[in-house]
Amino acid sequence: MSRPITKPSSMRKHTALPKARILVEALPWLTRHHGKTVVIKFGGNAMVNDELKAAFAQDVVFLRHAGLRPVVVHGGGPQISAALDRHGIASEFKAGLRVTSEDAMDVVRMVLVGQVQRELVGLLNQHGPLAVGITGEDAHTITATKHRPEIDGQLVDIGRVGEITEIDTGAIEALLADGRIPVVSSIARSQDDGHVYNVNADTAAAALAAALGAETLMVLTDVEGLYEDWPHSDEVISRLTAAQLERLLPELSSGMVPKMEGCLHAVRNGVSTARVIDGRVQHSILLEIFTDDGIGTMVVPDGHSLDDGASDASGPGDKGDAA
């Protein structure tokens, strides 16, 4: 009686092999980023879709366990708009920033600290005692003064919106040294008048990234990246220098301006790369940091060589994540 012929174990198909290949692909990126600080601005649909929120938390915890030092900065545009509507307060935006009255500021503070931050800290802490929520007010982490943007050549009063004047990283550095994940709400107190101000979360994330000497700033948004010749083309610019971005800024839609200005500030103040990525894609953070292809648009300091050229670009309209 003949025996059935079996293949040697070395010839059997290993169903887990693709997973091994993914891990091997990530190895050089893990080595490069080990011990480095990564500031992530959490916003857009990733803040309101349950699956995307869960995937975001998994990504951030993965970074922490992979040896990186993630810092999360969040606004809360969709949640704040909904809360203002419930309180009968109209939402208004100018120059991509939320007009914030005295009454609106109370709602902003309540939503950012009592709702958005608590939920995000809870999601992260499902994976262990890692996340700690703080605000820009805590330990003078973010100090601001009243911001008056220029619109059509005129300075405009948009209420309790702050312009960052100083960053104190002491509290965040202490949390990072303790192995924690700081989750920072983008509000600040002014030394000028003692008022609390609403600070654009993109701007806050960029300022913190520069002050922390972060390796990377990552801004999650609801578009694929910076588009070339929008709306005539949906081709995304994958890489561009600070100088190239600066030339493009006047052509960008108002919602993209704070994001791209934040990226420009970051790379001109010591951050190695700044990236705008599509937060609608599950695990977009891991795809951007740990794969060869990456997604979104990367901004690098002047003097870095580019694989991809960049010419005219603009962004589709959004309201940004001014909290």
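Our subject is the structure that appears above.
Parameters at a glance
Residues numbered from 1 in each chain as written. Predicted model: local features only at pLDDT ≥ 70, side-chain atom pairs only at ≥ 80, totals over all residues. Heavy atoms only, no water. Phe/Tyr/Trp six-rings, centres within 6.5 Å; stacked < 30°, edge-to-face > 60°. Helix = DSSP H or I, 4+ residues; strand = E, 2+ residues; numbered from the N terminus. Buried < 20%, exposed > 50% of the residue type's maximum accessible area, 1.4 Å probe, protein only. Contact = heavy atoms within 4.5 Å. Core = buried A, V, L, I, M, F, W, Y, C linked by side-chain atoms within 4.5 Å. Arc of directions from axis to C-beta.

**Q** Explain the packing of aromatic side chains here, please?
**A** When we look at a pair of aromatic rings, we describe it by the centre distance and by the angle of the planes. Tallying each qualifying case throughout the model produces one aromatic pair. On the basis of an interplanar angle of 25° and a centroid distance of 4.1 Å, the ring pair of Phe 42 and Phe 56 is categorised as stacked. With a gap of 14 residues between them, Phe 42 in strand β1 (residues 37–42) and Phe 56 in helix α2 (residues 50–65) connect regions that are remote in the sequence. Of the two residues examined, Phe 42 and Phe 56, each falls in the buried class.

**Q** Help me understand the environment of Gly 296 in this model?
**A** One can find Gly 296 in the loop between α9 (284–290) and β18 (297–300). Filtering out sequence-adjacent residues up to four positions away, Gly 296 remains in contact with Glu 224, Gly 225, Val 236, Ile 237, Ser 238, Val 276, Ile 277 and Glu 288.

**Q** Even after reading the chapter, I still don't get the nonpolar core, so can you show me in this structure?
**A** Buried together is how nonpolar side chains tend to be arranged in soluble globular proteins. Ranked by size, the top nonpolar core spans 43 residues in total, and within it Phe 56, Leu 124 and Ile 285 carry the most contacts. Listed by contribution, the elements that provide at least two residues to this core are α1 (17–33), β1, α2, α3 (77–86), α4 (102–125), β10 (181–185), β13 (216–221) and α9. A per-element tally of this core places α4 first, with eleven residues. For Phe 56, the contacting residues outside a window of four places in its chain are Ile 40, Phe 42, Val 72, Leu 120, Leu 220 and Ile 285. Residues Val 199, Ala 206, Leu 248 and Val 271 belong to the second largest nonpolar core, which totals 42 residues.

**Q** Looking at this structure, I do not really get helix α5 (residues 170–177). What am I missing?
**A** Given 3.6 residues to a turn, an α-helix orients residues that are three or four positions apart in the same direction. The complete set of buried residues in α5 reads Ile 172, Leu 175 and Leu 176. In a view along the axis of α5, the buried residues occupy a sector of 100°, so they form one face of it. Looking at the buried side of α5, the elements it contacts are β1, β2 (69–74), β5 (131–135), β10 and α6 (201–212). A positive backbone phi angle near 80° is found at Gly 179, which sits one or two residues after α5.

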